Amino acid sequence: MKRPHARRPQFIAFCITGTAAAIAAGYFGVQVLGKNTMYAISSGTIGLGIGTYCIQVLEKKKTRQA
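Each chain has its residues counted from 1, running along the sequence as written. In keeping with the model being predicted, local features are shown solely for residues with a pLDDT of at least 70 and side-chain atom pairs are shown and tallied solely at 80 or more, while totals for entire chains, interfaces and linings include all residues. To obtain the side-chain values, all non-hydrogen atoms of the structure were used and water was disregarded.

1. A few points about the overall build of the protein chain
Inclusion rule: Runs of E in the DSSP output that reach at least two residues are strands. Runs of H or I that reach at least four are helices, and both are numbered from the N terminus. To get the radius of gyration, use the C-alpha atoms; to get the globule rule, take the number of residues to the power 0.38 and multiply by 2.2 Å. Relative accessibility decides the category of a residue: with a 1.4 Å probe and only protein chains considered, values under 20% of the type maximum give buried, values over 50% give exposed, and everything between is partly exposed. For the accessible areas, the method is Shrake-Rupley and the probe is 1.4 Å, while residue cover comes only from the protein chains on display.
Of regular secondary structure, the protein chain possesses two helices and zero strands. On C-alpha atoms alone, the protein chain measures out to a radius of gyration of 18 Å, which is more than a quarter above the 11 Å that the 2.2 N^0.38 rule sets for 66 residues. A principal-axis box enclosing the C-alpha atoms of the protein chain has dimensions of 50 × 40 × 5 Å. Counting only residues that meet the buried cut, the protein chain has 3% of its 66 residues in that class. Carbon and sulfur atoms make up 68% of the accessible area of the protein chain, which amounts to about 6300 Å² in all.

Here's what the structure looks like:
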């Protein structure tokens, strides 16, 4: 039987690696593309995330009412 928290160290390492990669991509993106371009890219990404979340919430409400 598997322990429920057996993969926790692997998950933590994955999160740290992903965070470091995001910071590095942002830093080098600013160096290459410029600050304003990176602001536009991050704003678009945030907007897509918010839009996706809102669509999911609205779909859940529709399925509950039906």
